[in-house]
Every structure is written in C-alpha cells, then in structure tokens.
Amino acid sequence: MSGAQPENSTGRKGKAVCALLLATSMFALLRPTALHAQETELRGEVSESAILSDQQRKARQLALAAQGQQPANAAQDNAPARTYLPASAGAVPDDADTGDATATGSLFDPPAATDDTSADTAAPPKPRRRSSTARQNAADQAKDKAADKSKKKKKSTAGASDITASTTASTTDAADGAETDADTANRRALTIDSADRQKLDPGAERTDAIEGQKKKPEDDPFAATGVKWGSFVIRPTIEQGLTATSNGDSSSAGTSALLSETALRFSAASDWRENSATIDGYGLFRETVSGYPVHDEQGHIEGQLNVDLDNELRAIAKLGYEAVPESASSPDAIAGVSKQPLRQTIDGSLAVEKHLGKMQYTLTGAVSHDFYGDAKLSDGTSLSQKDQDSTLYTATLRTGYEISPALTPFTEIEVGRRTYDQRIDNEGFERSSTRLGARAGLALDMGEKLSGEFSAGWLREAIDDKNLDAISGATVNADLKWSPERGTTIGLTGRTTVEPTTTSGESGDILYSGRLTGERQIRANLTANAALGLDWRDYIGIDGHDRVLSAEAGLTWWLNRYAGLTTRVRTEKLTSNLPGRDYTANSIFLGVKVQR
C-alpha cells in the first residue's frame, strides 16, 4: 500500500535543530561579530605626557566647540583610528597583503564591507600591521615631521613679534598636537635589568680601590698608639740596656762599673667629654753586672684630676707617691753604710681656680709627708732615721691679671708649717719650722710656639729652735717650652727647694736647679736630644756650697712604631768647698726601647 507516511516526533526535532543552527549562522554573517573586538595586540608603557596631551586636546575641542568650530573638529575626530605600530620589530606577524584582510573561512572572520543599510552598525576596519621596514620608515617620518614643525614654530616665534596672543596660542596648540602624536606612539617597556646591562665606556677612568686611596699623613707616625682600658688610653714603655760608668753611685768613693738598667714608664689619659684625668709613673732598676756594687730601685707615680665647676670655677686635684733611696752625694748621706736609707714621699694638693673678667684667682692647699727607712751599716746592723720624718703643710694664693690671652702677670703668697714626727731629734734640736714666701711672675700662652711661666721671689723658713738659723733666700722657678720650628723643642726648667737636715748644728740648705733641654726630630724615626744642667746648693749656718755641672746627649732610632734602639752619653761633675764631696762621673748607655 503506497502513500505518504506520517512524520514521527524524532524527525521533527532534528529538523527544528537544523533550522535553528541555520538561522544562527545567517544572523552571525549579517551582523558584525563581537568576538573580533577581543583581538588584542602587544602594548607597551603609556607615558604621563601622552595622558596629559590627550586631556589638553579634549579641553581644546570643548573650547572650539563653544566658539562654533565643532564641525571641523568633529570631522577630524571621525577620522579612522591610527594603525597600531609596535616599537620593536617582530612583535606581531606581518601581513602578507597590505590590502584587504585575507579571509580564512572561519565563522569568526570579520564581515566584509557591504552596502546593506539593514545592518545596525558598520563593520569596523581591521587594524593592519606594517612590515618591520615599513614601520621603521613610518616612525622616522613621524619624527622628521615633528622636528620640522618644531623648527617652524621657533622661526615663527622669533620672526613675528607682532602676532596677536590668539594666533600665538593656535600655533602653539598645533605644535603640541604634532609632538603629542609622536609621543603617544607605544613603546616597548624597558626590562628591570636594562640599566645594569648597559655597555661600559672603554674610555672611562678606572676607579681606584678603597685600600689604595691616599691617607692623611700622621704628625708623628712612630708615636705610641696606646692601649684602650675603660675610659683611659695607656701608653707603656720599657727600656732595657747596659750602662758603662766611671762612678757607680756618683760619690767621692765610687769606682767604675757595668750596670744593667731597666726603666719602666707609662702615661694614661682619659677621654672624657668635659673633665680630664692623667696618670704618669716610672720605675727604675739598676743592678751591677761587674765592678762597683750598686743596687738601686726607685719609682714615682702621680695622678691629676681636672673638674670644671659652675660659674667659671675649676678644681684641680693631685696625688702622688715616690720611693727613692738617699743619694750618696746628698748632704744627709751616711758614710760607711752598705745601703742608704729609703726615702718615701706621699703628697697631695687641691686647687680651686676662679676667673672674674680679666682677674684670675687660685687658692691651693698642699700636704707632703716624708718618712725614711733604716740605713744598713757595713757590720750588718741598722741605723734608724725616724727623726727625719716630717710633714709640710702649705697654702698658696695666686692672683693674676690677663693683659692679653698670651700674657698674664701674677703674684703668689705662700704660708706653711713643717712639723717633725719626733719633736726633738736625736741631737736635742727642735726642727719644726714656719714657712713664708712671696713671688711674682709672668705666664705665657702663645700656643705651640711659646708657653709656660717663670717667677722670682723670696722664701723664709724659720726653725723653732732659736739656736738654729732660719733658712731664707731668693727663689727662682721656671717652666718654659719654646718651639722655634716644627720638630724642634727647647725647654727651660728651674726650681728652688728647701732641704732641711738633722745634722747637728746645721739648719739645712737651699738648692737651685736648672735644666736646658733640646729635642730635634731629625727624621720621622730618628730623634736627637740634649741637656745641660746646673745645680747650686747653698748651706745655711756654715760657709759651704756645692756646684754640679752636667751634660747629656742621646739618639733614639725607631725600627717601627713599637721598637727602637736608644743610646745616650752623660757626664757630671760636682765641685764643693767642703772636704770629701767632689766627684766626676762619665757614663754611656746602649739599649732597646719598646712602646705600645
């Protein structure tokens, strides 16, 4: 039986799906696809100048629209967009054809241009890429045009001084627009390490190493550097050598000897911000290697503290200790002993300085205590020297007037009392005394050229025992340093000392000591020094005096900052009108000096 068969439901659904797909395809062909707008190209950095230029261009368009020039600008705005030109070659593939885009037959290809007005929106033209050579030529032409416009702008500005303000503004806007078009071209972003990968200039000067830079030369390259200990810098020195002398103990009975001599010295200075403190000391040991027997040990240490108080008030405190055996040439030396007694001294002082304008006042109180050990006799027994133990108390008032910062004349008044631990000595004399003195002098402060002070006056020390004469006489004191040229220092020191005695029927003596020293730095590691000395001792109560002349010269050659060789030659001669006191001593020393 023939005839049309009824369609089943499955066949009808398949036809409906085919019709829906066909309608969708036709709609996509008739309408520009939005997927084409998703095509993007490589973008670079956008400079701030491009953003600013775009804002200025829009502002000018609004201003011109308000003046009735909107149509012309609108025509310019409706112009097709510039073709994207990447800055680097090969960023995007080059089109084989510079004409229309080649269709691939894909559903997502952009629709071809058509005259159908039924379409809602005209198909946008596809951006075209130029070849690398074409892009480079286009970029060069854009730069040339911008340069030409810039030159024309400069010429028109320099030649036409009568152009109105509005014409000048229009010309400037046109030039800015051309420069903006050149700046808005996308450029490839720089890599992070582009600055580090730049080629070095082969002609650039080579930079010296840090270790090779020149250092400021030191004033004294062989001076001791010191050791830091807390807030102090300590500079120790040790000197070891041999001394050949014609008189072992510098006495009238002394003979030649070869001595081993060791000297330890140190100095310490604080590095405090306001106040300061110093400590100095030495120790000397002399032992016979051959010849005349000598065994000497002596030492000294002294500390000073400077404290600045309020209202230009300053305090200076000193404390010291010294242990020295009695010299064989001393007037109190005991004859016929194997070892002279050891004299120990403890002294301290406190001074307060006050400045009132140009006036300067200083009040100083000092205490010095001497005590003696026993003398060892040749037969092995000992002889006590306790009757020589004494204490001296003094108070000194100093007044100065500052004529200039370099010159300050001053006067001093001193009062004091010397008391003996044993009020009456072994010979039955009462040795305690009262002290009174006055001095006038001049203090100099010319920096490193000349500094110090000197004074002259009179001193009297009256002994309590009426049978003994008072010790009195002129006094001379000096402490000056002069540097005639760099590396040379001349020093002059003078001192007057009252030396009491326990010798029966004698009051004591006055000792005048003077030293003229010179030091010359021949080279940085070679230093020469010399000294001349004169001592005069005037005995009180008897017609006697001593004169001591001395001369010394030495050299120190530093091998490095820490070690050196040193040598010195010395001669000393004592002449006296008293019997048994004359002597002459010549010596030479050679040793090694180590410092830190």
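Analysis parameters
Residues numbered from 1 in each chain as written. Predicted model: local features only at pLDDT ≥ 70, side-chain atom pairs only at ≥ 80, totals over all residues. Heavy atoms only, no water. Patch = residues over 30% accessible without salt bridge, like charges linked within 9 Å, V, L, I, M, F, W, Y side chains within 5 Å. Areas by Shrake-Rupley, 256 points an atom, 1.4 Å probe, with all protein chains shown as cover. Salt bridge = Lys/Arg side-chain N within 4 Å of Asp/Glu carboxyl O. Helix = DSSP H or I, 4+ residues; strand = E, 2+ residues; numbered from the N terminus. Pairing = 2+ DSSP bridges. Phe/Tyr/Trp six-rings, centres within 6.5 Å; stacked < 30°, edge-to-face > 60°. Buried < 20%, exposed > 50% of the residue type's maximum accessible area, 1.4 Å probe, protein only. pLDDT = per-residue confidence, 0-100. Contact = heavy atoms within 4.5 Å. Core = buried A, V, L, I, M, F, W, Y, C linked by side-chain atoms within 4.5 Å.

Caption draft 1: Local environment of a nonpolar patch on the surface. Taken together, the side chains of Ile238, Leu264, Phe285, Trp557, Leu559, Leu565, Val592 and Val594 make up a nonpolar region of the molecular surface, amounting to roughly 670 Å² of accessible area. Position of tryptophan 557 relative to the elements: it lies in strand β20 (residues 545–558).

Caption draft 2: How the structure looks around the pairing of strand β15 (residues 450–463). When strand β14 (residues 433–445) meets β15, the two strands line up antiparallel, connected through 13 bridges. What sits directly across from alanine 440, in β15, is alanine 456. Between β14 and the antiparallel strand that follows it, β15, lie four residues; glycine 447 among them carries a positive phi value of about 75 degrees. Judged from the twelve bridges that link them, β15 and strand β16 (residues 471–482) form a sheet pairing that is antiparallel.

Caption draft 3: Structural context of the packing of aromatic side chains. Counting across every chain of the model gives one aromatic pair. Between phenylalanine 232 and tryptophan 272, the aromatic rings sit 5.7 Å apart at their centres with planes inclined by 75 degrees, giving edge-to-face as the arrangement. Taken together, the positions of phenylalanine 232 in strand β2 (residues 232–245) and tryptophan 272 in the loop between β3 (257–270) and β4 (276–291) put the pair 40 residues apart, joining distant regions of the chain. For tryptophan 272, a relative accessible area of 36% puts it in the partly exposed group.

Caption draft 4: Representation of the confidence of the model for the protein within the structure. Residues with a pLDDT of 70 or more make up 69% of the protein, whose mean pLDDT is 79. Below pLDDT 50 for its whole length, residues 69–77 participates in eight contacts with residues either more than four positions away or in separate chains. Contacts from residues 95–109, a stretch scored under 50 in pLDDT, to residues over four places away or in other chains number twelve contacts.

Caption draft 5: Inspection of the pairing of strand β21 (residues 563–576) at higher detail. Looking at chain direction, β20 and β21 are connected through 13 bridges and run antiparallel. Bridge pairing links arginine 547 to threonine 575 in β21. Turn length for the β20-β21 hairpin, with the two strands adjacent in sequence and antiparallel, is four residues.

Caption draft 6: Highlighting the nonpolar core. In terms of nonpolar packing, the biggest core is built from five residues, these being Leu459, Ile471, Val498, Ile510 and Ile540. Beyond its immediate sequence surroundings of up to four residues, valine 498 is in contact with Arg418, Arg435, Leu459, Glu461, Ile471 and Asp509.

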